[in-house]
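# Chain and residue survey
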Amino acid sequence: MPLNCGTCSELIEAAPNYIIKCCACSNTFHGKEDGCATVTVTSWYKKSPDNKATWKCHSCGGLPLKNQDNKRKLDDGSNNGDISSDDDESTVENQNKVRKISSGNHELLKMMGTLMDKKFEDHLKPITDKLEEMSKSIKSQSVEIGKIEERVGRLEKSGCPSCQSLQNEVTSLNRNSWFHAAQLVALQNYTRKDNIIFTNIPYSEDEDPYVIAIKAAEIAGVSVDRNAIVDCHRLPATKGNDGRPPSFIVKFVNREIKRDIIHEYRRIKPRANCFGGSESVSIYANEHLAPATSALFREAKKQLKLVFDYVRVANGMVYVQNKSSPRINIVSIGHIGELKASAQANRDNQ
């Protein structure tokens, strides 16, 4: 069932574990990022069940909501761009930053900020090292969780009183593992943010990858030269590709070029005859996604393409949207099931 915010009355588009709820009035809220509550969505997710069960909103005796008036002015445009004080100006700036950043981890943000000014693959070594470190950590945690769950199962059968304590430990480890896995996916998508994968571009043995990349951009009406391309090459052929040419990947110097090309390819739907191939074959330009995001996108298309008008990806985030509604970001496989059930229920009631 859709939930509305108790402060701004707008729809809350989030998974259940990220929805802030007052223990007194049972109202639900957007996070502090939107000026609707005194706690951020990330902080709420990390709270223990006991802390969540005792949290109160600003109307029920909780902390005062300092930014509520300023937030509403921003939403309805009534301030005409005027900021009443230095504190308000700082608040607006911070809110805008929070909306652009999905993780509050200072170390990762610092690393990402450093990488923004780097153009070549060899400058990505610090982040790839971090990815490898996090991947090992997640695997280690998964093994530990498996061992503890096995112990819990044995103790439950024997009626041991310490079973609940171990179960709480499993829950905590699962939460930490999910958080690190989400960070890993975010970093993987970040390293791919300037990349495009083209499919069905005809292959020739003597081809010049840079010529192909420049031609692919020109088809979309985007003028680039070799200085705008960090790297480009064919990807290894995959099993079951039915004789199709290997995909072609291009890393541009910034995401604006990538965004413009993908947008135009969706509009004009170019054919392979642009590269001397068959007019019956379409050429596609898509974002280069992290493996987990790619799997999430495939599952979303499989389950939701008949209940939503659009199932797409933008800047590494999978989302669904109906023509007359705002888009909804998908955060997990479980979220897909919730959206499908909700959409089908709405259609049945119409």
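Our subject is the structure that appears above.
Residues numbered from 1 in each chain as written. Predicted model: local features only at pLDDT ≥ 70, side-chain atom pairs only at ≥ 80, totals over all residues. Heavy atoms only, no water.

Bridge analysis of strand 7 (residues 310-314) against strand 8 (residues 317-321) gives five bridges, and the strand direction is antiparallel. Residue pairing across strands places Tyr 310 opposite Gln 321, the latter belonging to strand 8. Between strand 7 and strand 8, which pair antiparallel and follow one another directly, the connecting turn spans two residues, one of which, Asn 315, has a positive phi of 55 degrees. (Pairing = 2+ DSSP bridges. Helix = DSSP H or I, 4+ residues; strand = E, 2+ residues; numbered from the N terminus.)

Judged by pairing direction, the sheet is antiparallel, and its four strands sit side by side in the order 4-5-3-6 without closing on themselves. The sheet is open, and its two borders are formed by strand 4 (229-234) and strand 6 (284-287), each paired with just one other strand. The mean angle between the axes of side-by-side strands here comes to 20 degrees, regardless of whether they run parallel or antiparallel. Alignment of strand 4 against strand 5 (residues 248-252), held across five bridges, turns out to be antiparallel. Residue pairing for strand 5: His 233 is matched across the bridge by Ile 249. This element, helix 8 (residues 209-219), spans strand 3 (195-199), strand 4 and strand 5 of the sheet and lies at about 105 degrees to strand 4. (Axes fitted to C-alpha atoms, helices over the stretch in contact; angles between N-to-C directions. Contact = heavy atoms within 4.5 Å.)

Judged by pairing direction, the sheet is antiparallel, and its three strands sit side by side in the order 7-8-9 without closing on themselves. On the outer flanks of this sheet lie strand 7 and strand 9 (328-329), each paired with one strand and no other. Strand direction decides the pairing type here: strand 8 and strand 9, joined by two bridges, are antiparallel. Residue Val 320 lies in a different strand from strand 9, and its bridge partner there is Ile 328. Strands in contact with helix 10 (residues 291-304) are strand 7 and strand 8; relative to strand 7, the strand with the most contacts, it is inclined by about 165 degrees.

Of the pockets and cavities examined, the second largest pocket occupies roughly 1100 Å³. Secondary-structure elements contributing two or more residues to the lining of the second largest pocket are strand 3, helix 9 (255-268), strand 6, helix 10 and strand 7. Across the lining of the second largest pocket, the residue classes tally to 17 nonpolar, ten polar and eight charged. (1 Å grid on protein atoms, 1.4 Å probe; cavity = no way out; pocket = protein on both sides within 12 Å on 5 of 7 lines; lining within 4 Å. Points joined across faces, edges and corners; volume = space filled by probe spheres on them. Nonpolar A, V, L, I, M, F, W, Y, C, P; charged D, E, K, R; others polar.)

Attention now goes to unusual backbone geometry. The phi dihedral of Ser 26 is positive, around 65 degrees, even though this residue is not glycine. Among the residues examined, Ser 26 registers a relative accessible area of 45% and is labelled partly exposed. Here Asn 200, not a glycine, exhibits a phi torsion of approximately 75 degrees, which is positive. Topologically, Asn 200 is positioned in the loop between strand 3 and helix 8. On the accessibility criterion, Asn 200 (12% relative accessible area) is buried. (Buried < 20%, exposed > 50% of the residue type's maximum accessible area, 1.4 Å probe, protein only.)

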